[in-house]
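Chains, contacts and geometry: an overview
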Amino acid sequence: MIRSPLVVIKEKEDEVAARIQLAQALANARVAEARARAAALRDEAERDGLRDAEEFRRQSIATALEEVATIAAAGREEATRLRRHGAVHVPSAARRIVEFILSEA
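Residues numbered from 1 in each chain as written. Predicted model: local features only at pLDDT ≥ 70, side-chain atom pairs only at ≥ 80, totals over all residues. Heavy atoms only, no water.

Moving on: the overall build of the chain. Across its full length, the chain carries 1 helix and 0 strands. Rg of the C-alpha trace for the chain: 44 Å, well past the compact-globule value of 13 Å for 105 residues, more than 25% over. C-alpha extents for the chain along the principal axes are approximately 150 × 20 × 10 Å. Within the chain, the proportion of its 105 residues that are buried is 0%. Accessible area of the chain: about 9,500 Å², with a carbon and sulfur share of 64%. Charged side chains of the chain number 18 positive and 18 negative; the gap between the two group centres comes to 1 Å. (Helix = DSSP H or I, 4+ residues; strand = E, 2+ residues; numbered from the N terminus. Rg over C-alpha atoms; globule rule 2.2 N^0.38 Å. Buried < 20%, exposed > 50% of the residue type's maximum accessible area, 1.4 Å probe, protein only. Areas by Shrake-Rupley, 256 points an atom, 1.4 Å probe, with all protein chains shown as cover. Lys, Arg positive; Asp, Glu negative; His and termini not counted. Charge placed at Lys NZ, Arg CZ, Asp CG, Glu CD.)

What follows is the structure, encoded as structure tokens:
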């Protein structure tokens, strides 16, 4: 039986359409997978960024507290030094004050 050229063409069109449909479905699946991977990578990067930012914040606070402690200790040492230094000069300052007052009298 001889098939009509139109029937043969229609069969070929159907075969090509089926292959195109399969290729489109595979492409859609690959695009969906790629989007899912991209979303997962984006989410992971965001979590990593938040974690890194939190760690940086903690380290910055720790560094600032260390600097505060160092400055406070230096201030206490300076205050102690000034008290000692001032205490040494109290007798001579008192003597000078008394001498000044007596010289004015």
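The next thing to look at is a nonpolar patch on the surface. A cluster of nonpolar side chains, namely Ile97, Phe100 and Ile101, defines an oily patch on the protein surface of about 330 Å² accessible area. Residue position: Ile101 is located in helix α1 (residues 5–104). Given a relative accessible area of 51%, Ile101 falls into the exposed group. (Patch = residues over 30% accessible without salt bridge, like charges linked within 9 Å, V, L, I, M, F, W, Y side chains within 5 Å. Salt bridge = Lys/Arg side-chain N within 4 Å of Asp/Glu carboxyl O.)

Secondary-structure assignment places Ala74 in helix α1. Using a relative accessible area of 42% as the deciding quantity, one classes Ala74 as partly exposed. Remark: the alpha-carbon pair of Ala74 and Arg57, spanning 17 residues in sequence, is separated by 26 Å.

Summed over the entire model, instances satisfying the criterion amount to 12 salt bridges. In this structure, Lys12 and Glu15 form a salt bridge, with 3.9 Å as the shortest nitrogen-oxygen distance. On the criterion of helical spacing, the pair formed by Lys12 and Glu15 is a turn pair, its members being 3 residues apart in helix α1. Note on Lys12: relative accessible area 47%, which makes it partly exposed.

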